[in-house]
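These are the residues of each chain, in order.
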Amino acid sequence: MTKQLFFKRFLANPGIVGALLPSSPALCREITSHINIESAEAVVELGPGTGVITDEILARLNPQAKFVAIELDDKMYNALRQNRPDLNIVNDSAVNLPKIMEKAEIRHLNTIISGLPWAAFPEQLQLGILNAVVDSLCDGGYFTTFAYLQGLLLPAGQRFKKLLKKSFREVNISRVIWNNVPPAIVYRCKK
């Protein structure tokens, strides 16, 4: 059911759901590694989709930490809400991250993990979300996201990579995760 929903939502709106399939276990492990998630006090996930990365986050997360998932796609949000009724999930845009944090009584985030399709976004949307991310992170906090190899070649993918390097003091790029459809890399950014 997860793969079917993901594929249907991609066909309905590829600008919001940027992949044909959910992330592989290898990509889920990589995106949540080396970002101190185990000691984080507050974590947000942008674009949880069907929740495969969410599961990896929750497996690593300190039980005392605050966690919020933000999903814009109504159908994905409803499916995730139905499958995980205890999950703190908000149906909204990542641009509104500061307002969402305020409602959740979170001052600063230690970690933001994103499954958003950055290479499908226009420049203004990339800037709006990235500004919200940077403003919401504490000093030394991590922002991690991934990019599909083919997206790295697109102008929007190149622009996003440059924006990351301008916005964060440290940007590391993982090895290629070949065991994902399509293959991807992970950006680990430290404020």
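Details of the structure are given in the entry above.
Below is a summary of the structure that appears in this document. This is a predicted model, so every value here is computed, not measured. (Residues numbered from 1 in each chain as written. Predicted model: local features only at pLDDT ≥ 70, side-chain atom pairs only at ≥ 80, totals over all residues. Heavy atoms only, no water.)

Re unusual backbone geometry
Along the chain, Val181 connects to Pro182 via a cis peptide bond; the corresponding omega equals -10 degrees. Following the sequence through the fold, Pro182 ends up in the loop between strand S6 (170–173) and strand S7 (184–190). At His34, a position not held by glycine, the phi torsion is positive, near 60 degrees. As for its placement among the helices and strands, His34 is situated in the loop between helix H2 (25–31) and strand S1 (42–46). Since its relative accessible area comes to 64%, His34 is described here as exposed. Its identity as a non-glycine residue notwithstanding, Asn36 has a phi of 55 degrees, on the positive side. Looking at the element boundaries, Asn36 is found in the loop between H2 and S1. Looking at Asn36, the relative accessible area reads 46%, which means it is partly exposed. (Helix = DSSP H or I, 4+ residues; strand = E, 2+ residues; numbered from the N terminus. Buried < 20%, exposed > 50% of the residue type's maximum accessible area, 1.4 Å probe, protein only.)

Things to note about the sheet that holds strand S3 (residues 89–90)
Spatially, seven strands are ordered S3-S2-S1-S4-S5-S7-S6 in an open sheet, and the strand pairing comes out mixed. Two strands close off the open sheet at either side, each with one partner strand: S3 and S6. Two strands pair when backbone bridges link them, and strand S2 (residues 66–70) and S3 are joined in this way by two bridges, in the parallel orientation. When the sheet's bridge partners are listed, Ile70 is paired in S3 with Val90. Lying over the sheet, helix H6 (residues 123–136) contacts S1, strand S4 (109–114) and strand S5 (137–148), oriented at roughly 145 degrees with respect to S5. Relative to the sheet, helix H8 (residues 155–167) contacts S5, S6 and S7, its axis offset from that of S7 by approximately 25 degrees. (Pairing = 2+ DSSP bridges. Contact = heavy atoms within 4.5 Å. Axes fitted to C-alpha atoms, helices over the stretch in contact; angles between N-to-C directions.)

Digging into the nonpolar core
By size, the foremost hydrophobic cluster in this structure holds 31 residues, and its most contacted members are Leu46, Leu109, Phe143 and Phe168. Ignoring any residue separated from it by four or fewer positions in sequence, one finds Phe143 in contact with Ile112, Ser114, Trp118, Leu130, Val133, Leu137, Phe160, Leu164, Phe168, Tyr187, Arg188 and Cys189. Counting residues in each nonpolar core, the second largest holds 25 residues, with Leu27, Val43, Ala69 and Ile89 among its members. (Core = buried A, V, L, I, M, F, W, Y, C linked by side-chain atoms within 4.5 Å.)

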